[in-house]
Amino acid sequence: MSDERPEKPLPELRASDADRDRVAERLRDAVAEGRLDMDEFEERLDAAYKSRTYAELEPLTRDLPAPAGGPLGGPVAPPTAAAEPWTGRIGGGGSSAMAVAVMSGFQRKGRWTVPARFDAVAFWGGGELDLREADFAQREVVINCVAIMGGIEITVPPGVEVDVRGFGFMGAFDQRDTPGPSEPGAPRVVVTGFAFWGGVEIKVKKRKRPLDGPSLRKEL
């Protein structure tokens, strides 16, 4: 007679923050697809972030079709070291190819697709490019910045390779943070251009958590 203890059922395992974030992201997509209304979304989102086990998370997406990356109807599988967080975020057409601020400002943030080449121009103005929630048209993208008596701020998530090649004349291209080791499958962002009496700053910040109900309603 074997005295080996049976493996603990997966539904009883403790869920991680990454598991809760994945479920919340699927719920947000379901709202955008018209599968959930805002009341249902807010109720399920609140339950997701209060969940402690896979068994509590599983019912929240049971009636939703599985996304392209894999099923969410069953228990959420714990992440592995080989998983590539960038799968599904590279490829396709860019949302826009240029942003210009003349005595004004521009922003690109949230869910958008960075094209193979993006031109950003700030003249007596400022611009913000936030790549933390962005998709990428291809593995390597070029962001060409021209800052004349203005500034451009670029924010990337950790794990993205950044190559700064810009030139500053009485101005600067400033990369204050390092993204750390490149993640498997992560894109490469090449920052080029020219700064005159202005600056281009590259920052590294962690990805934001999926939007809560009020923020998502505003975005939609």
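See the structure above.
Residues numbered from 1 in each chain as written. Predicted model: local features only at pLDDT ≥ 70, side-chain atom pairs only at ≥ 80, totals over all residues. Heavy atoms only, no water.

1. Looking at the sheet that holds strand E5 (residues 126–130)
The five strands are arranged E2-E5-E8-E13-E11 in an open sheet whose pairing can be described as parallel. Single-partner strands in this sheet number two, and they are strand E2 (105–108) and strand E11 (172–175). The sheet shows a mean angle of 10° between the axes of neighbouring strands, direction not considered. In terms of strand pairing, E5 meets strand E8 (residues 151–156) through five bridges, oriented parallel. Its bridge partner lying in E8, Gly126 is registered against Gly151. (Pairing = 2+ DSSP bridges. Helix = DSSP H or I, 4+ residues; strand = E, 2+ residues; numbered from the N terminus. Axes fitted to C-alpha atoms, helices over the stretch in contact; angles between N-to-C directions.)

2. What to know about the pattern of salt bridges
Inspection of the entire model under this criterion finds 16 salt bridges. A salt bridge links Arg111 to Glu25, with the nearest nitrogen and oxygen atoms 2.8 Å apart. With Arg111 in the loop between E2 and strand E3 (113–114) and Glu25 in helix H1 (residues 17–32), this residue pair connects regions lying 86 residues apart in the sequence. Here Arg111 falls in the partly exposed class, since its relative accessible area comes to 43%. On the accessibility criterion, Glu25 (19% relative accessible area) is buried. Lys50 is the partner of Asp46 in a salt bridge, and the nearest nitrogen-oxygen pair spans 3.1 Å. Taken together, the residues Asp46 and Lys50, both in helix H2 (residues 38–50) and four residues apart, mark about one turn of the helix. Overlapping salt bridges bring together Glu140, Glu161, Asp163, Arg165 and Arg188 as one network. (Salt bridge = Lys/Arg side-chain N within 4 Å of Asp/Glu carboxyl O. Buried < 20%, exposed > 50% of the residue type's maximum accessible area, 1.4 Å probe, protein only.)

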